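One letter stands for each residue in the lines below.
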Amino acid sequence: MVRMSAEERRESVVRAATSEFARGGFYGTSTEAIAKRVGVSQPYLFRLFPGKKAIFLAVAERCLQDTRRVLEEASEGLHGEEALHAMAVAYGRLIAEQPEKLQMQLQVYVAVAAAEAAGDHEFGEMVRKGWLELWDAVRVPLGGDVDETTSFMAYGMLINTLAGMGFPPEHRIWEGLSVTTRFHRDQEEA
C-alpha cells in the first residue's frame, strides 16, 4: 500500500471538507465528520491544518479558485458577448454538474456574514480577495466593461440564490434570467 504525502492528505481533506461544509456549513460541520470522511484521526487532521477555521478557509479559497479557473478557461481567446456567453454556459454547467460547488459558495457567504458580525474579519478578507479575482476574471474578457461585469455577476448571484432555493430548471422564475437567453436574443436582433 502506497502512503500518501502530507500534501496529498491535505488535498484529500480539502475535497472531503468541501462535501461536508457544503452540506452543513461552517457551524454545522464537525472536524470529526471531516476526519472520518478522509479516513484519518482528528489529531492527524490537526497536524495538517491548525483548526476547523483553517480547513474552511482552504475550502473557500479552493471554491473561488475553481470557479475563477472555469470562467477563465471558458473565455480564453474570446471577447465581449462571445466571452459572456461562454462564461455563462461554463458556470451553468459547473453548478449543474457539481452542485456542491454552489452549496459551498452559499455557505461561504453565510460564514463570512456570521464572522463579520462577531468581529472576525479573516473570513471576509480572504473571500473578498478571491471574489475580486473572480470579478477581474470576468471583467477582462468583457473589455473592462464594469456595467457588463456587474450584470454578469448579478445574474450569477441571482442564479445562485434561485438554484440554492431549489427552483427546478423548468420553473417560470427562470424566464428571462439567463445570460445565454439574452445572448441568443441579441444574436437574432443583429
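Relevant structure appears above.
Residues numbered from 1 in each chain as written. Predicted model: local features only at pLDDT ≥ 70, side-chain atom pairs only at ≥ 80, totals over all residues. Heavy atoms only, no water.

Chemist: How should I be thinking about the pattern of salt bridges in this particular structure?
Modeler: Following the criterion strictly, the structure yields 14 salt bridges and no others. The closest approach of N and O atoms between Glu20 and Arg37, which form a salt bridge, is 2.7 Å. Placement of the pair is Glu20 in helix H1 (residues 6-28) and Arg37 in helix H2 (residues 31-38), with a sequence separation of 17 residues. For Glu20, a relative accessible area of 8% translates into the label buried. The residue Lys53 makes a salt bridge to Asp120 at a minimum N-O spacing of 2.6 Å. Of the two residues, Lys53 is situated in helix H4 (residues 52-75) and Asp120 in the loop between helix H6 (99-117) and helix H7 (122-139); the sequence distance between them amounts to 67 residues. Looking at Lys53, the relative accessible area reads 26%, which means it is partly exposed. Looking at Asp120, the relative accessible area reads 26%, which means it is partly exposed. A single network of salt bridges, built from pairs that share partners, joins Asp66, Arg69, Glu73 and Lys101. (Salt bridge = Lys/Arg side-chain N within 4 Å of Asp/Glu carboxyl O. Helix = DSSP H or I, 4+ residues; strand = E, 2+ residues; numbered from the N terminus. Buried < 20%, exposed > 50% of the residue type's maximum accessible area, 1.4 Å probe, protein only.)

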